[in-house]
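# Observations on chain architecture
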Amino acid sequence: MSDICSNWTQWLKQNRFAGQTPEMQAQTMRWLEAVRDVILVYAEIKPYDVVLDIGTGTGLLAFKALEMQNCEGRVIFSDKFQDCLEDCKKILDESGVTSGYELMQCPVEHIALPESTVHKALMRSVLVHVVNKQPAINEIYRVLKPGGKLCAFEPVIRSNTRYWEILHPMHIDRYEDFKKAENEIMENPMDSLCNFDEKTLRTNLEIAGFSDPDVQLQEVRSSYVVQPNMVREWFVNPPSPDQPSTKERFMKYFDEATVEKYMQDVQNFLTGREINLKTNAVFINATK
Ligand SMILES: C[S@@+](CC[C@H](N)C(=O)[O-])C[C@H]1O[C@@H](n2cnc3c(N)ncnc32)[C@H](O)[C@@H]1O
């Protein structure tokens with residue numbers, strides 16, 4: 001078992017819903033299923049297709065692909081972390097599924113398959129965890145058969161609403177300093193979470209060899225009333241087990257007491273207010 005935050009799967013279950021009300025959790029689930037369904041519509045899975053779910057996590061895409069193939073095809077659950085595969089295996093066993101799938105532990109940068117062996121590569125929110133995206137996309141291209149497809153979704157975090165945009169300088173100590181720090185954090189080229197957007201991804205895909213990849217930017221606007229517990233959750237929950245939390249990112253610029261004061265100011269200002277957020281993501285549909 002990997003020791004990165006002890007268990008990725010645990011993280012996926014706990015942190016995906018961090019700070020959300022039950023109503024928001026249900027909304028997130030519906031959104032995840034909607035994203036999954038778009039990816040699978042793009043993929044046009046056939047009964048005989050070899051389907052590779054890269055960074056499967058808790059199997060969001062792979063389980064649905066398995067269902068679509070009626071457990072008679074070949075769906076490969078792959079992930080860098082064994083924990084995720086163990087969790088998927090448990091679900092498969094409990095569901096009595098004995099065929100139509102494989103489990104494969106490997107990172108997207110080194111997929112443990114020969115070249116030109118996959119009909120459909122599926123992926124959701126994985127490149128956002130990979131600092132250097134070009135080798136990963138090259139590797140996906142390598143394992144796809146000619147005519148095979150990469151169908152994926154990635155959040156484009158650097159174009160999302162930033163904290164400073166929903167705050168007011170009058171109510172936040174050192175507002176300008178935190179705004180500057182946040183902008184620097186969001187534009188750090190070594191940070192996998194925000195070192196890309198739809199344009200850089202399209203370039204990566206073209207360099208890998210995909211001709212005319214479809215990369216659709218989707219902007220979602222949402223609004224909700226901030227609850228008292230939410231702000232701390234936003235700041236202290238890491239975006240992934242091996243990444244620093246927002247609080248830790250700010251602590252590269254300020255001491256802990258200053259960041260704690262900022263978090264308190266943010267909480268005091270936002271609690272009970274309705275906030276409007278812009279969230280960006282891309283859907284990729286690329287054919288080899
Ligand atoms: C946000 S989760 C998404 C999980 C799943 N695809 C879903 O949609 O629910 C990111 C997943 O990517 C996996 N991951 C992170 N880095 C990876 C890498 N370099 N290669 C393969 N998988 C990776 C993690 O283990 C995790 O399961």
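So, here is what we can say about the structure in this document. (Residues numbered from 1 in each chain as written. Predicted model: local features only at pLDDT ≥ 70, side-chain atom pairs only at ≥ 80, totals over all residues. Heavy atoms only, no water.)

### Details of the packing of helix α5 (residues 133–143) against helix α8 (residues 198–208)
Our working rule: Every axis in this analysis is a line fitted to C-alpha atoms, fitted for helices over the stretch in contact. Angles between the N-to-C directions lie between 0 and 180 degrees. Secondary structure elements follow DSSP: runs of H or I no shorter than four residues count as helices, runs of E no shorter than two count as strands, and numbering proceeds from the N terminus. Orientation is classified from the angle alone, with under 35 degrees giving roughly parallel, over 145 giving roughly antiparallel, 65 to 115 giving roughly perpendicular, and any other angle giving oblique. Definitions for this section: a left-handed crossing has its near helix turned counterclockwise from the far helix by less than a right angle. A right-handed crossing has that turn clockwise. Here, residues are in contact when the closest pair of their heavy atoms is within 4.5 Å.
One can describe the packing of α5 onto α8 by two numbers: an axis separation of 9 Å at closest approach and a directional angle of 45°. Looking at the two axes, α5 sits oblique to α8. In this structure, the crossing between α5 and α8 has a hand that is right-handed. Judged by residue contacts, Lys133, Gln134, Ile137, Asn138 and Tyr141 of α5 engage Leu201, Thr203, Asn204, Leu205, Ile207 and Ala208 from α8.

### Things to note about the environment of Cys88
Keep this limit in mind: Between buried and exposed lies partly exposed: a residue is buried under 20% and exposed over 50% of the maximum accessible area for its type, with that area taken using a 1.4 Å probe on protein chains only.
Among the secondary structure elements, Cys88 is positioned in helix α4 (residues 82–94). Note on Cys88: relative accessible area 0%, which makes it buried. When the C-alpha positions of Cys88 and Phe283 are compared, they lie 25 Å apart, and in sequence the two are 195 residues distant. Once residues lying within four places of it in the same chain are set aside, the contact partners of Cys88 are Thr56, Gly57, Thr58, Gly59, Phe63 and Phe77.

### Details of the sheet that holds strand β4 (residues 118–124)
As a reminder of what qualifies: Strand pairing is defined by DSSP finding a minimum of two bridges between the two strands.
Across the sheet, which stays open at both edges, the seven strands sit in the order β3-β2-β1-β4-β5-β7-β6 with mixed pairing between neighbours. Each edge of the open sheet is held by one strand with a lone partner, namely β3 (101–105) and β6 (214–225). Ignoring strand direction, the axes of neighbouring strands in this sheet form an average angle of 15°. Note: strand β1 (residues 50–54) against strand β2 (residues 74–79), five bridges, orientation parallel. Of the residues in β2, the one forming a bridge with Val51 is Val75. Most of the contacts of helix α3 (residues 60–68) go to β2, to which it runs at about 170°, and overall it touches β1, β2, β3 and β4. Strands β5 (144–155), β6 and β7 (274–287) of the sheet are contacted by α8, whose axis makes an angle of about 10° with β7.

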